[in-house]
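Chain and residue survey
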Amino acid sequence: MGVFSKTCEYAMRAVFYIAQSSEEGRKAGIREIAEHINSPEPFLAKILQKLSKDGLVLSSKGPNGGFYLDSSGLKRPLADIVQAIEGDSIFNGCGMGLSYCSEANPCPLHDDFKKIRAQIVVMLRGTSIGQFNEGLIQGQLTLNK
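Presented here is an overview of the structure given in this document. Every value quoted in this text rests on a predicted model; they were computed, and no experiment measured them. (Residues numbered from 1 in each chain as written. Predicted model: local features only at pLDDT ≥ 70, side-chain atom pairs only at ≥ 80, totals over all residues. Heavy atoms only, no water.)

Considering the pattern of salt bridges
- According to the stated counting rule, one finds 8 salt bridges in the structure shown.
- Its salt-bridge partner being R26, residue E24 comes within 3.3 Å of it at the nearest N-O pair.
- Taking relative accessible area as the criterion, E24 reaches 37% and is therefore assigned partly exposed.
- R26 gets classed as partly exposed once you look at its relative accessible area, which sits at 33%.
- The closest approach of N and O atoms between D80 and R76, which form a salt bridge, is 2.9 Å. (Salt bridge = Lys/Arg side-chain N within 4 Å of Asp/Glu carboxyl O. Buried < 20%, exposed > 50% of the residue type's maximum accessible area, 1.4 Å probe, protein only.)

Notes on the state of the cysteines
- This model, assessed by the stated rule, comprises 0 disulfides.
- C107 provides the cysteine sulfur closest to C101, a residue in no disulfide bond, and the two sulfurs are 3.8 Å apart.
- A relative accessible area of 17% means that C101 is categorised as buried.
- C107 carries a free sulfur, and the closest cysteine sulfur to it, the one in C94, is 3.6 Å from it. (Disulfide = S-S within 2.5 Å.)

Quick word on unusual backbone geometry
- One non-glycine residue with positive phi stands out, namely N38, at about 60°.
- Structurally, the position occupied by N38 is in the loop between α2 (30–37) and α3 (41–53).
- For N38, a relative accessible area of 43% translates into the label partly exposed. (Helix = DSSP H or I, 4+ residues; strand = E, 2+ residues; numbered from the N terminus.)

Observations regarding the environment of F132
- Along the chain, the position of F132 falls in the loop between α7 (110–126) and α8 (133–137).
- Residue F132 is classed as partly exposed on the basis of its relative accessible area, which comes to 29%.
- Excluding residues within four positions of it along the chain, F132 makes contact with F16, L78, T127 and L141. (Contact = heavy atoms within 4.5 Å.)

Description of α7
- The end-to-end C-alpha distance of α7 is 24 Å, a good match for the 24 Å that 17 residues give at a rise of 1.5 Å each.
- Turning to α7, its buried residues are H110, R117, I120, V121 and L124. The arc that holds every buried residue of α7, seen down its axis, measures 105°, which confines them to one face. Across α7 from its buried face, at more than 90 degrees, point the exposed residues D112, K115, Q119, V122 and G126. (Expected span 1.5 Å × (residues − 1). Arc of directions from axis to C-beta.)

In structure tokens, the structure reads:
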């Protein structure tokens, strides 16, 4: 079980794979990305369309086309991917998914979850998309189960 939705997990894996490919000077196609991150291709296509529309990944058409990131894209925080896919819920939502949970009306997990959520937010905002490229390229990190 992960912290993020399946859609967000695939989005992060795809962006990491695209970042790795970009670092190696290549553009990656949907079929290649789907294969390397163990994602259904049609579902991934919709995710990449959203990320492309939001400017998180770049794409080009044609025989040498595919998805890629430029140097500024590699420097963007992981929080940008999560925000594009999940919205703000991970940054300020209730751990139990309750709409009425607040400081004035806390749920049973409110105080503990607030601390955990703050750590997750620090990690997402302080970690760049391209930060894992070297580990991925050298095979020290993986994107496929």
